[in-house]
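Coordinate analysis (summary)
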Amino acid sequence: VLGKYFLTVLGALLFHFAVTMPLILKLLGKVSPFRHLKAMRTALLTAFSTASSSATLPVTMRCVQDNSGVSKRTASFTLPLGATVNMDGTALYECVAVIFVAQVMSFPLDFGQQFVVVLAALLTSIGVAGIPSASLVAIFIILQNSGIPGAETAVVALLAVDRLLDMSRTAVNVFGDSCAAVVVAKSEGEVGVLAED
């Protein structure tokens, strides 16, 4: 069962990373997703290895400015803000984790309760620290507020597979921040930003 959960989270993160973010770059930023991905490879590897978006921030800023052509003014505003509030990978992870725990505990969640879980995950992901495994605290809070019995035990079980998932969602968070910086730079008319293929 834990293996299915692990693969579900990885699949969702991969979809967001490989489909959603490139579409945003292409449609909103008119930027080549492949060029931007290549420009961000050092930051993504750092994010994956450290599992900390805060520790990766200097590398992300350097990659966005030097490789993607975003100005220092735009990068200095969007990236620190994004490292704090733009935790898209974390929000996605929290939703899947809470629904997984509810299913394991045989606690049915109707559509309204699932909507509350999604909303809570979005709001708590904003306040999650950019350090490894910080989202487990948010998951615990959401589980407690959802009234799922035995939530404490389930959170401990999630620790078995959390490290690799944490590394993956941090890379997604950092890529999302960099995409936002590029889209903002393009909207500001910065000419040095990567051109579309």
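Structural data are supplied above this passage.
Nothing here was measured: the structure is a model prediction, and the numbers come from that model. (Residues numbered from 1 in each chain as written. Predicted model: local features only at pLDDT ≥ 70, side-chain atom pairs only at ≥ 80, totals over all residues. Heavy atoms only, no water.)

**Re unusual backbone geometry**
Positive phi outside glycine occurs at Lys30, with the angle close to 55°. Structurally, Lys30 is set in the loop between helix 1 (2–27) and helix 2 (33–39). Given the relative accessible area of 46%, Lys30 is considered partly exposed. Although it is not a glycine, Ala51 adopts a positive phi angle of roughly 55°. (Helix = DSSP H or I, 4+ residues; strand = E, 2+ residues; numbered from the N terminus. Buried < 20%, exposed > 50% of the residue type's maximum accessible area, 1.4 Å probe, protein only.)

**Examining helix 4 (residues 53–67)**
Largest kink in helix 4: about 35°, centred on Val59. On its buried side, helix 4 packs onto helix 2, helix 3 (41–50), helix 5 (72–85) and helix 9 (151–187). Once helix 4 ends, the next one or two residues include Gly69, with phi positive near 80°. (Bend = angle between axes of the 7 residues up to and from the residue. Contact = heavy atoms within 4.5 Å.)

**Concerning helix 3**
Within helix 3, the full set of buried residues consists of Ala43, Leu44 and Ala47. Buried residues of helix 3, viewed axially, fall in a sector of 100°; they line one side. Lining the buried residues of helix 3 we find helix 1, helix 2, helix 4 and helix 9. (Arc of directions from axis to C-beta.)

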